[in-house]
Amino acid sequence: MATKKAPELFYDESRFCGGCGHGIFNRILAEVLEEMDIVSDTIICSDIGCNHQFQFWMNVDAIVPPHGKMGAALTAMKRVRPDKNILTIAGDGGAYAIGLGETTSAALRNENVTMFVMNNTVFGMTGGQLAPTTMIGQKTASTPAGRNFVDNGENTDVFKLMKGMDIAYLARTSVTSPANINRTKKAVRKAIEKQQAGKGFSLVEVLVPCPTNWHMSPVDSMKHIDEVVSKVYELGEVIDR
Ligand SMILES: Cc1ncc(C[n+]2csc(CCOP(=O)(O)OP(=O)(O)O)c2C)c(N)n1
Ligand code: SF4
């Protein structure tokens, strides 16, 4: 069987935990950047979180702003360098908790930038605490008995807020099968093309596994996304203008 060559912009091996979804997304993004031939015309703004490590093995221009401030940082980057593709890879904690104001403000202004948000339903890097996306009943390091509505509030589906906004593209995908990886790849490309066409803000949320903090095997983590997480966070394109 022919093996697909790794993207050339990888110069080292990833150090994510085995089965982590961030690694799959790194590969997807690297393939899209190479296929579109835009590696040197792209700057990736990375949030603090496990995902930020891509800079240690991907040969791309990157900036890491303070945690959660990607919406503001992307805005500044695009206004200073409108000639560049300005993207972020962020976690759901960074984009939707501490960064909810920056994320939604950039969307409300329809800034011409692109956000890729990895939703693993926890704060991964800091040990698996409750995130806005943690589902009702889900056990985390800070909710060992499971999230409950009275103490922790409803889980946040940011798409409910964003679907009424005047933005260019909003989609949710996953990485649990070759078909879902292909859908993610198409959504990533489409989001970047929206920016290139000057259409405004795009956000692709990707449901990814965090086997370490979910205390599951990589295989069970993928099943968990298909059987549980994607029932709460529905997959699909919500806005495409
Ligand atoms: C201002 C600030 N507050 C808190 C932290 C601690 N911190 C680092 S990463 C992180 C959360 C990461 O979770 P997420 O964004 O979901 O990304 P993941 O690690 O799951 O990919 C937090 C709270 C920080 N670095 N800076
Ligand atoms: S802690 Fe979770 S999100 Fe972080 S690298 Fe490990 S599996 Fe990935």
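Right above here is the structure, for reference.
Below is a summary of the structure that appears in this document. (Residues numbered from 1 in each chain as written. Chains lettered and ligands numbered in written order. Predicted model: local features only at pLDDT ≥ 70, side-chain atom pairs only at ≥ 80, totals over all residues. Heavy atoms only, no water.)

Notes on the overall build of the chain
So, step 1. Along the backbone of the chain there are 9 helices and 9 strands.
So, step 2. A compact globule built from 241 residues should have a C-alpha radius of gyration of about 18 Å, and the chain, at 17 Å, falls within 12% of that.
So, step 3. In terms of overall dimensions, the chain has C-alpha extents of about 50 × 45 × 30 Å along its principal axes.
So, step 4. Counting all 241 residues of the chain, 53% fall into the buried class.
So, step 5. Contacts in the chain between residues at least 24 apart in sequence constitute 68% of all its contacts with a sequence separation of at least 6.
So, step 6. As displayed, the chain offers around 10700 Å² of accessible surface, 55% of which is attributable to carbon and sulfur atoms.
So, step 7. For the chain, the separation between the mean place of its 25 positive charges and that of its 26 negative charges on side chains is 3 Å. (Helix = DSSP H or I, 4+ residues; strand = E, 2+ residues; numbered from the N terminus. Rg over C-alpha atoms; globule rule 2.2 N^0.38 Å. Buried < 20%, exposed > 50% of the residue type's maximum accessible area, 1.4 Å probe, protein only. Contact = heavy atoms within 4.5 Å. Areas by Shrake-Rupley, 256 points an atom, 1.4 Å probe, with all protein chains shown as cover. Lys, Arg positive; Asp, Glu negative; His and termini not counted. Charge placed at Lys NZ, Arg CZ, Asp CG, Glu CD.)

So, the environment of Leu108
So, step 1. With respect to the helices, strands and loops of the structure, Leu108 is situated in helix 4 (residues 100-108).
So, step 2. For Leu108 and Leu87, which are 21 residues apart along the polypeptide, the C-alpha to C-alpha distance reads 17 Å.

Here we look at the site of ligand 2
So, step 1. Taken together, Phe16, Cys17, Cys20, His22, Cys50, Asn120, Gly124, Cys210, Pro211, Thr212 and Asn213 form the complete shell of residues around ligand 2.
So, step 2. If one sorts the elements of the shell around ligand 2 by residue count, helix 8 (residues 211-214) sits on top with 3 residues.
So, step 3. Residue composition of the shell around ligand 2, by class: 6 nonpolar, 5 polar and no charged. (Near = heavy atom within 4 Å. Nonpolar A, V, L, I, M, F, W, Y, C, P; charged D, E, K, R; others polar.)

Here's the deal with the site of ligand 1
So, step 1. The local shell around ligand 1 holds 17 residues, among which His22, Gly93, Gly94, Gly124 and Met125 are the closest.
So, step 2. In the model, an oxygen atom of ligand 1 is placed 2.8 Å from a nitrogen or oxygen of the Gly93 main chain.
So, step 3. In the model, an oxygen atom of ligand 1 is placed 2.8 Å from a nitrogen or oxygen of the Gly94 main chain.
So, step 4. Against a free-state accessible area of 590 Å², the protein chains account for coverage of 74% of ligand 1.
So, step 5. Taken together, the elements giving at least two residues each to the shell around ligand 1 come down to helix 3 (92-98) and strand 5 (122-123). (Polar contact = N/O pair within 3.5 Å; in protein donor to acceptor, adjacent residues only side chain to side chain.)

Regarding the sheet that holds strand 4 (residues 114-119)
So, step 1. With mixed pairing, the 7 strands of this open sheet are ordered in space as 2-1-3-4-8-7-9. Two strands lie at the open edges of the sheet, namely strand 2 (61-63) and strand 9 (236-240), each paired on one side alone. Taking each pair of neighbouring strands and ignoring which way they run, the sheet shows an average axis angle of 20°.
So, step 2. Taken together, the 5 bridges between strand 1 (residues 42-46) and strand 3 (residues 85-91) define a ladder with parallel strand orientation. When the sheet's bridge partners are listed, Ser46 is paired in strand 3 with Ile89.
So, step 3. Contacts from helix 1 (residues 21-35) reach strand 1, strand 3, strand 4 and strand 8 (202-207), with the element oriented near 170° to strand 3.
So, step 4. Here helix 7 (residues 178-196) sits on the sheet and contacts strand 3, strand 4, strand 7 (169-174), strand 8 and strand 9; the angle it forms with strand 7, its principal contact strand, is near 160°. (Pairing = 2+ DSSP bridges. Axes fitted to C-alpha atoms, helices over the stretch in contact; angles between N-to-C directions.)

Structural notes on a nonpolar patch on the surface
So, step 1. A cluster of nonpolar side chains, Ile48, Val64 and Met125, forms an exposed patch at the surface whose accessible area comes to about 230 Å².
So, step 2. With respect to the secondary-structure elements, Ile48 resides in the loop between strand 1 and strand 2. (Patch = residues over 30% accessible without salt bridge, like charges linked within 9 Å, V, L, I, M, F, W, Y side chains within 5 Å. Salt bridge = Lys/Arg side-chain N within 4 Å of Asp/Glu carboxyl O.)

Details of the state of the cysteines
So, step 1. One pass over the structure, following the stated rule, counts 0 disulfides.
So, step 2. The thiol sulfur of Cys45 is not disulfide-bonded, and the nearest other cysteine sulfur, from Cys50, lies at 17 Å.
So, step 3. By relative accessible area, which is 0% here, Cys45 ends up buried. (Disulfide = S-S within 2.5 Å.)

Quick word on unusual backbone geometry
Working note: non-glycine residues mostly have negative phi, and peptide bonds are mostly trans.
So, step 1. One non-glycine residue, Asp37, lies in the positive phi region at around 55°.
So, step 2. Following the sequence through the fold, Asp37 ends up in the loop between helix 1 and strand 1.
So, step 3. According to the relative accessible area criterion, Asp37 is exposed, its value standing at 66%.
So, step 4. Positive phi, normally seen in glycine, also occurs at Asn110, with a value near 50°.
So, step 5. Taking relative accessible area as the criterion, Asn110 reaches 24% and is therefore assigned partly exposed.

A few points about helix 7
So, step 1. End to end, helix 7 covers 27 Å across 19 residues, agreeing with the expected 27 Å (1.5 Å per residue, within 8%).
So, step 2. Inspection of helix 7 places Asn180, Thr184, Lys185, Ala187, Val188, Ala191, Ile192, Lys194 and Gln195 among the buried residues, and these make up the whole buried set.
So, step 3. Gly198 occupies a position one or two residues after helix 7 and carries a positive phi of about 70°. (Expected span 1.5 Å × (residues − 1).)

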